[in-house]
Structures are given as C-alpha cells and as structure tokens.
Amino acid sequence: MSIEEIEKEIIGEFELFGDEWEGKYEHLIDLGKSLPLIDPKHKTEDKTIKGCQSKVWLHSEFREGKVFYTADSDAIITKGLVGLIVRVLSGHTADEILEAKMEFIDKIGLKDHLSPTRANGLISMIKQMKLDALALKK
Amino acid sequence: MNTAGSPTLSINVFPVEKIRKDFPILALKLKGHSLIYFDNASTTQKPKVVIDAVKKYYEEENANIHRGVHHLSAAVTLAYEKARGTIGKFINAGKEEEVIITKGTTESINLVASSFGKKFISAGDEIIVSEMEHHSNILPWQLLCEEKGAVLKVIPINEKGELILDSYKKLIGPRTKLIAVTHVSNTLGTINPVKEMIAIARGAGEIAVLIDGAQAAPHLQVDVQDLDCDFYCFSSHKLYGPSGVGVLYGKEKWLNAMPPYQAGGGTIKKVTFAKTIYADLPLKFEAGTPPIEGGIGLGVAIRYLEGIGISRIATCEQELLNYATAKLQKIEGLRIIGTSSTKASVLSFVIEGLHPLDIGTILDQVGIAVRTGHHCTQPLMEHFGIPGTVRASFSFYNTFEEIDKLEEGLKKAVRMLS
C-alpha cells in the first residue's frame, strides 16, 4: 500500500469513533500497549528524541531500497501515535517518505498532539524520520 | 451546589460564584466541557477590570511615559507611577524607589545576578541556592559563578520536600555573598521559612538574600520589611495581571551601589561621550520604554485582590488544597510529591505506572487544564527519581465541585491508561 492508502485506512478506522474522544483514545492506548515497537538494544541515548516531557526512541534501517522504522515512547498515548506514524511511513522509499504530508493526524482529530506545546517529541520524530530517510538514501 | 461531603464553609463566607463572574474566560466551554482551570501556578486568569484597564489604556491613554510635556504623557506617567506605589504598598516596601518594574521574575533575578554579580562577586565567593529552585533561580547564578569563578552551593531537601535548615546553616561561610531561595516551590507548593532563613544569614555577615516570590505573591501576604530580604522578585501574570511585566524589590543600599543592568533611554541624568551620569532609582534600572499597560494593569490587579482581601484568598485556597489533598490521596497508586505541612495551593502528584503526560492528555479531554512535566525543576525531579509530575494548582476562583471533577477525571484516566 502507498503512504496515502495507509493514511486513508487509518482515517477509516478512526471514523468509527466519530466525535467520541474516549473510543478514539482507548484505541490509541491499545495501539500503544500492543507489542514493543523497537528492539530494546536500540533504546539507547543516541536513538532518543527528547520531547520536553515524553521520550521517543527511533531506529531507522535501509533495506532493498526502502526505509524501515521502529520506535517507542515512555508515554502510552505518545506511543500509540508513534505506532501510527511508523505504520504510515515505514517500508517506503526515501522519496515517498520525504514527500509525505502526514495529513491523517489532523483528519483523525489528533492535530493537537503535533502542537509544539505538547512537548511529546512527535514533531521532532517526524523530522528525524525524514532526515534519516534523506541520509540513508545517499 | 455542593456534592455530598463537600465542605460548605467557604461557599458561605467566600462569594466564589460572584467572583467567577469577574473572570470572562471561566465561562469558556472547551470540547463540550466547562473549562476547569487548575494551571494557576503557570499563569492566572485575568479579571475583567484588568482586561478593561489594558483596553482603556490603548483606546484613551496611550503615550510614552517620563518624557513628553503633553497631556497624555503626563497623565499616563502619573498612572504608571501610581501603579508603582500600589505595588510598593502591596509588599510593604519602605520606599517606592525600591520597586523596579521589570519584564518578570526571570528578568528580576537576571538583573540582580548580572548587576550585583558584576560589583560584588569575585573568584572563590559563594552563592547559595536550593534544590527546589525553578531553573530561573539556578541558571543566572550558575552563569555568574562560571564567569567569576565563584562557587554555587545547594541547600538539600528532605523527603517531604522541605529545605533542611541544618544543612543550610552549615553551607553559610565566610565567602558566602548571596543566598537566592524561593518563597514557595512552584512544583511542591512548600512554603519555605524565608524569614527565619534571612535571620540566620543576618547573623553571618554581610550577605544579600534574594527571594523568588513568583509563587508566593499570589497566595501570601508579603511584607519585604518584615522579611528583611534584600531582593524580592515576582511576576504580574501569576498575580492576575498582564504578562510581560514583573517586579524587583531591592533595598536602596544595594540598588544604589549596583551598576545599571541595561543602559538606554530613561536611565540617565546626563550623557556625554566622556562620562554618563545615571538617573536615580528606580529609573536607573528601567532602560527603554517599559510595558506601560502591563504596569498599569498590574496595579489594577493588585487593587482587585486587595478588594477581596489577601487573607481571605489565602484561607480559601488552603481549603481547596486540603480538600483536594484528602480526595486525591485516596486514589489507588497516587503519590503526592511535596507533603510539607506548610504549603500553598499547589498539588503535585504521580500515579504508579502512568506517565504524567498521558494523565494530562486525558484530563484535557474532559476540559481540565493541569500542568505536567518537570515544571522547570529538573534537579528536584532527579531528587524524587521521577520524570515529572501532574500539577494541579488552585486559585480562589476554583471550586470544590471542580476538584470533584478532577477526582472523576483522574479515575477515568487510571481506568483508561492501566
């Protein structure tokens, strides 16, 4: 699936909850609780993206012309969002990743989490994912 | 209406519903919920009288101060200086000239670190701060120490989040030049025994004591002469006034001896290229055009608070704190950080197994604004071995019913996040 198709799939999943925040957040929390997203050996200081409040770990790999990400966070809602972002971007070419607009976060009503004041490290994570894609491409 | 078990005492003596009408923002609905604002230690909401004063300034009074001969300039200079008088009386300053209007507490502390530091701190001198300081009352001293080769010493705290006074006494030595300590901890709520600490310093020689009053001025009656502090700093925006303005009280003997912090318009008597003579206090420390509407607005905010009565405010807030403490500590896994017996209405806590940011996010969904994180006190978080806390801080415009909703919100957060 293309990045856009995965984004549409996620938007479809969240449409089920409508405006009802609890279901939406429970879904995010469940995503966050599901399997560890990153190999513990990659949870090192140099893989840490520091938000002011929650930490995010990101590991990027380049295989067969595509970039693969694994990531984790110490806050569960952040981790759920991290999982969604990894699902959208991982397994695509560097060019596709660099062009991704990531509009799904706004469309599922979670844009607030990308506000600089959330201090959860998500903006920095997306930026780092794109920088890694650019670096690995070379 | 009170829910069962809520105290009624304050409701009867304290007209909270009437007072809430003074704050337009409290009528706000967010995501279908009435706003419950428990982030008062970050900044307080503004009463309509303050908002109106700022609006009126721009619509009817705007002119630069201390300069023009025209009517508007003269009138607004009087209004600004009247505000200085109000601020001075509010903290019982001996002289109006001892009240310097700054950008905020942070600038007030930086002013002293820079100016006092330049004149009075040399290599090997010692500056004492405490483990519970806001970064704003650590970093300026750290920079000064690095620049001058001075030594920063730290008063430790106990497990309740109180300063250990025996250690404090031992830290004071012949090279101690300045002690900078907070009156009320922004993270723990602890009210420090600053009067006693100043008295101890007085017995040890010529040591200047600076009190960070950012979290104290909104909750306590502050009397700088009774405290006998050398400097006292606080911010307008935490005191129901406009942001961008704050206060540095300083004893005249120090302020006169200190060099200007920033040089510029308004700070001088006579400028020549050979030698400049600086103005008398307080203008020597007020370079450039000040936040005029902010100063006037702060004066209005103080008069508003005095109209309610500072001691009534303190009583009401203590009741809110006691009520919230009793309720919240019954929540399973919840641990209050900062359990001193003398606290202002700041309640920090963690819940076992949950990240503070997640708790804050769920509370936000039900319209409750709290602060989460390290609250600019990372050394303190390290002391307690936690990444951060959830902090609910109460103002006299908060209600017991809102605290009931906080309890419900927290139970929901625990249910969802566990």
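Residues numbered from 1 in each chain as written. Chains lettered and ligands numbered in written order. Predicted model: local features only at pLDDT ≥ 70, side-chain atom pairs only at ≥ 80, totals over all residues. Heavy atoms only, no water.

*Asks:* Explain the overall build of chain A residue by residue, including any values.
*Replies:* The helix and strand tally for chain A stands at six helices and three strands. For chain A, the sequential pattern of α-helices and β-strands runs α-α-β-β-β-α-α-α-α. Against the globule reference of 14 Å for 138 residues, chain A gives a C-alpha radius of gyration of 14 Å, in line with a compact fold. Principal axes of the C-alpha set define a box for chain A whose edges measure 45 × 30 × 30 Å. Across the 138 residues that make up chain A, the buried fraction comes to 46%. Of all intrachain contacts in chain A linking residues separated by at least 6 positions in sequence, the fraction that spans at least 24 positions is 60%. (Helix = DSSP H or I, 4+ residues; strand = E, 2+ residues; numbered from the N terminus. Rg over C-alpha atoms; globule rule 2.2 N^0.38 Å. Buried < 20%, exposed > 50% of the residue type's maximum accessible area, 1.4 Å probe, protein only. Contact = heavy atoms within 4.5 Å.)

*Asks:* How would you explain the overall build of chain B if you had to name every residue and give the values?
*Replies:* Of the regular secondary structure elements, chain B holds 15 helices and 17 strands. Taken over C-alpha atoms, the radius of gyration comes to 22 Å for chain B, in line with the 22 Å a tight globule of 418 residues would show. Along the first, second and third principal axes, the C-alpha atoms of chain B reach 70 × 55 × 35 Å. Expressed as a percentage of its 418 residues, the buried residues of chain B come to 57%. The long-range share in chain B, meaning contacts at least 24 apart out of those at least 6 apart in sequence, stands at 72%.

*Asks:* Which residues make up a negative patch on the surface, and what values do they have?
*Replies:* A cluster of acidic side chains, namely A:E4, A:E5, A:E103 and A:D106, defines a negative patch on the protein surface. If you trace the backbone, A:E103 turns up in the loop between α4 (94-99) and α5 (104-107). (Patch = residues over 30% accessible without salt bridge, like charges linked within 9 Å, V, L, I, M, F, W, Y side chains within 5 Å. Areas by Shrake-Rupley, 256 points an atom, 1.4 Å probe, with all protein chains shown as cover. Salt bridge = Lys/Arg side-chain N within 4 Å of Asp/Glu carboxyl O. Lys, Arg positive; Asp, Glu negative; His and termini not counted. Charge placed at Lys NZ, Arg CZ, Asp CG, Glu CD.)

*Asks:* Run through the pairing of strand β9 (residues 231-235) of chain B, naming residues and quoting values.
*Replies:* Residues and elements named next belong to chain B. The buried count for β9 comes to five of five residues, which makes it a mostly enclosed element. What you see with β9 is no split at all: F231, C233 and S235 on one side and Y232 and F234 on the other are buried throughout. Looking at chain direction, strand β8 (residues 208-212) and β9 are connected through three bridges and run parallel. Bridge pairing in β9 places I211 opposite Y232. Here β9 pairs with strand β10 (residues 246-250) via five bridges, running antiparallel. If you follow C233 over to β10, its bridge partner there is L248. (Pairing = 2+ DSSP bridges.)

*Asks:* Tell me about the environment of B:Y397, and name the residues and values.
*Replies:* Residue and element names in this part refer to chain B. Positionally, Y397 belongs in the loop between β17 (389-393) and α15 (400-417). Using a relative accessible area of 0% as the deciding quantity, one classes Y397 as buried. In sequence terms Y397 and L26 are 371 residues apart; their C-alpha atoms lie 8.9 Å from each other. Ignoring any residue separated from it by four or fewer positions in sequence, one finds Y397 in contact with V16, I19, R20, F23, L26, Y37, N40, T44, Q45, Y240 and E402.

*Asks:* Would you mind going over the nonpolar core in detail, with residue names and values included?
*Replies:* With 142 residues, the main nonpolar core has A:I85, A:L89, A:F104, A:M125, B:Y232, B:F396 and B:L410 as its most contacted residues. Residues within four places of A:I85 in sequence aside, it is in contact with A:M102, A:F104, A:I105, A:L122, A:M125, A:I126 and A:M129. Membership of the second largest hydrophobic core comes to 25 residues, among which are B:A208, B:F231, B:L248 and B:M258. (Core = buried A, V, L, I, M, F, W, Y, C linked by side-chain atoms within 4.5 Å.)

*Asks:* I'd like a rundown of the interface of chain B and chain A, residues and numbers included.
*Replies:* Contacts between the two partners involve 16 residues from chain B, matched on the other side by 18 residues from chain A. The contact between chain B and chain A buries some 1,500 Å² in all, and 57% of this surface belongs to carbon and sulfur atoms. Three residues, B:L357, B:Q365 and B:M416, lead the burial of chain B against chain A; their summed loss comes to 36% of the area buried on that side. Connecting chain B to chain A are one salt bridge. A:E22 is the partner of B:K412 in a salt bridge, and the nearest nitrogen-oxygen pair spans 2.7 Å. Along the contact surface separating chain B from chain A lie six residue pairs in polar contact (both at pLDDT 80 or more). The element best represented in the side of chain B that touches chain A is helix α13 (residues 356-365) of chain B, accounting for six residues. A class-by-class count of the residues in the side of chain B that touches chain A yields five nonpolar, seven polar and four charged. (Buried area = accessible area lost by both parts, 1.4 Å probe. Polar contact = N/O pair within 3.5 Å; in protein donor to acceptor, adjacent residues only side chain to side chain. Nonpolar A, V, L, I, M, F, W, Y, C, P; charged D, E, K, R; others polar.)

*Asks:* Before we move on, could you go through the domain arrangement of chain B and cite the residues and values that matter?
*Replies:* All names here are of chain B. For chain B, the domain assignment lists domain 1 (9-30 + 309-417) and domain 2 (50-306). The partner domain 2 presents 30 residues to the 35 residues of domain 1 that form the contact. Across the interface of domain 1 and domain 2, roughly 2,600 Å² is buried in total on both sides, 57% from carbon and sulfur atoms. On inspection of domain 1 and its partner domain 2, the count reaches zero salt bridges. On the surface where domain 1 and domain 2 come into contact, there are 18 residue pairs in polar contact (both at pLDDT 80 or more). (Domains from an automatic or database assignment.)

*Asks:* Help me get a handle on the sheet that holds strand β16 (residues 371-373) of chain B, residues and values and all.
*Replies:* Residues and elements named next belong to chain B. With antiparallel pairing, the four strands of this open sheet are ordered in space as β13-β14-β17-β16. Bordering the open sheet on either side are β13 (334-337) and β16, each of which pairs with just one other strand. On average, each strand axis in the sheet is inclined to that of its neighbour by 30 degrees, with strand direction left out of account. Judged from the four bridges that link them, strand β14 (residues 346-351) and β17 form a sheet pairing that is antiparallel. Paired with F349 across the bridge in β17 is V390. Helix α12 (residues 310-328) contacts β13 and β14 of the sheet and is inclined by roughly 10 degrees relative to β14. (Axes fitted to C-alpha atoms, helices over the stretch in contact; angles between N-to-C directions.)

*Asks:* Please give an account of the packing of helix α3 (residues 48-61) of chain B against helix α11 (residues 292-308) of chain B that cites residues and values.
*Replies:* All names here are of chain B. It is at 9 Å that the axes of α3 and α11 come closest, and there the two elements cross at 150 degrees. As far as their axial angle goes, α11 and α3 are roughly antiparallel. The chirality of how α3 crosses α11 is right-handed. In this structure, α3 contributes V49, V50, A53, V54, Y57 and Y58 to the contact, and α11 contributes I292, E293, I296, G297, V300, A301 and Y304. Partitioning the contact of α3 with α11 into residue classes produces eleven nonpolar, one polar and one charged. (Parallel < 35°, antiparallel > 145°, perpendicular 65-115°, else oblique. Left-handed = near helix turned anticlockwise from the far one by under 90°.)

*Asks:* Now, about the sheet that holds strand β7 (residues 176-182) of chain B: what can you tell me, with residues and values included?
*Replies:* All names here are of chain B. Strand order across the open sheet formed by seven strands is β4-β10-β9-β8-β7-β5-β6, with mixed pairing between neighbours. If you trace the sheet from one side to the other, it starts and ends with β4 (99-102) and β6 (151-155), each paired once. Here the strands of the sheet are splayed against their neighbours by 20 degrees on average, with no regard to which way each runs. Packed on one face of the sheet, helix α4 (residues 71-90) meets β4, β9 and β10 and runs near 115 degrees to β4.

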